[in-house]
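# Inside the fold
Spelled out from the first residue to the last, the chains are:
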Amino acid sequence: MKTKFYQLFTIIILSTAFVLTISAQQKEVKIYLQKDVDLPDNSIRTDWVSVKRKVDAKSPLRSALEWLFEPKITPEEAKQKIYEVTFGMKFEGVSLKNGTATVRFSETPKSNYGTSGGGIFYDAVQKTVKQFPAVKRVKICVVGETNIDGEYDRKLFNPCK
């Protein structure tokens, strides 16, 4: 009887240690998406909202951007009318140097954006990246060609160097 108790006790201790180790390797971050809000006059207002995601604590900035580009909206978030804002763009990478985060993305054959898509995309990246204290400035550049900022007076996204 004592042997079974000790075996069960050992399993519980090891399981707890495993869970604590996994939890210590993860960090919770915010991903900024948009949400439609129904107004009393039957119009719709779009607001920015943050959703929380667990990311790798060793590279939270990269992980947060990976979630932003593929947020995997939960059924509960979908019920709340929360939706992704990257318009099918592909995350190509991020670097952080002297407080400047440089986010690289590219357009894909699945990219689909409307007239205000560039500004929405820009804001989502900015909001998601600026939550990190080490980030003082954000630069967003495009790998290849894109027309997502075609309607603006100035280019939002310069080619990556």
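Look up a bit, the structure's there.
One structure accompanies this document, and this report is about it.

What counts and what doesn't
Residues numbered from 1 in each chain as written. Predicted model: local features only at pLDDT ≥ 70, side-chain atom pairs only at ≥ 80, totals over all residues. Heavy atoms only, no water. Pairing = 2+ DSSP bridges. Helix = DSSP H or I, 4+ residues; strand = E, 2+ residues; numbered from the N terminus. Contact = heavy atoms within 4.5 Å. Axes fitted to C-alpha atoms, helices over the stretch in contact; angles between N-to-C directions. Buried < 20%, exposed > 50% of the residue type's maximum accessible area, 1.4 Å probe, protein only. Polar contact = N/O pair within 3.5 Å; in protein donor to acceptor, adjacent residues only side chain to side chain. Salt bridge = Lys/Arg side-chain N within 4 Å of Asp/Glu carboxyl O. Disulfide = S-S within 2.5 Å.

### Some words on the sheet that holds strand β5 (residues 100-106)
- Ordered in space as β4-β5-β6-β7, the four strands form an open sheet in which the pairing is mixed. One side of each edge strand has no neighbouring strand; the edge strands of this open sheet are β4 (90-97) and β7 (158-159).
- Note that strand β6 (residues 137-142) and β7 share two bridges and pair parallel. Within the sheet, the bridge partner assigned to valine 142 lies in β7 and is proline 159.
- In this fold helix α2 (residues 60-69) packs onto β4 and β5, with an angle of close to 155 degrees to the strand it touches most, β4.
- On the sheet, helix α4 (residues 117-129) packs against β5 and β6 and is oriented at approximately 140 degrees with respect to β6.

### Focus: the pairing of strand β2 (residues 44-56)
- Where strand β1 (residues 26-38) meets β2, 13 bridges bridge the pair, whose relative direction is antiparallel. When the bridges of β2 are listed, isoleucine 31 appears paired with valine 51.
- Counted between consecutive antiparallel strands, the loop separating β1 from β2 contains five residues, among which asparagine 42 sits at a positive phi close to 70 degrees.

### A closer look at the side chain of threonine 128
- In this fold, threonine 128 is placed in helix α4.
- In this structure threonine 128 comes out as buried when scored by relative accessible area, which is 1%.
- A polar side-chain atom of threonine 128 sits 2.9 Å from the main-chain carbonyl oxygen of alanine 124.
- Discounting residues that sit within four places of it in the chain, threonine 128 has contacts with Lys30, Ile31, Tyr32, Ala64 and Leu68.

### Quick look at the pattern of salt bridges
- This structure, assessed with the given rule, holds five salt bridges.
- Here aspartate 38 makes a salt bridge to lysine 81, at a shortest N to O gap of 2.4 Å. Pair noted here: aspartate 38 is in strand β1 and lysine 81 is in the loop between α3 (75-79) and β3 (82-83), with a separation of 43 residues, a long-range link.

### With respect to the state of the cysteines
- One pass over the structure, following the stated rule, counts one disulfide.
- With its sulfur 2.0 Å from that of its partner, cysteine 141 forms a disulfide with cysteine 160. On the S-S bond that ties cysteine 141 to cysteine 160, the torsion sits near 95 degrees, and the link is right-handed. Within this pair, whereas cysteine 141 is found in strand β6, its partner cysteine 160 is found in the segment after β7, the two being separated by 19 residues in sequence.
- Judged by its relative accessible area of 9%, cysteine 141 falls in the buried class.
- Given the relative accessible area of 21%, cysteine 160 is considered partly exposed.

### So, unusual backbone geometry
- Backbone geometry places asparagine 42, a non-glycine residue, at a positive phi of 70 degrees.
- With respect to the helices and strands, the residue asparagine 42 is situated in the loop between β1 and β2.
- With relative accessibility at 75%, the residue asparagine 42 sits in the exposed group.
- A positive phi angle, close to 55 degrees, is found at asparagine 98, a residue other than glycine.
- Mapped onto the fold, asparagine 98 is located in the loop between β4 and β5.

Scope: geometric values only; no functional claims are made or implied.
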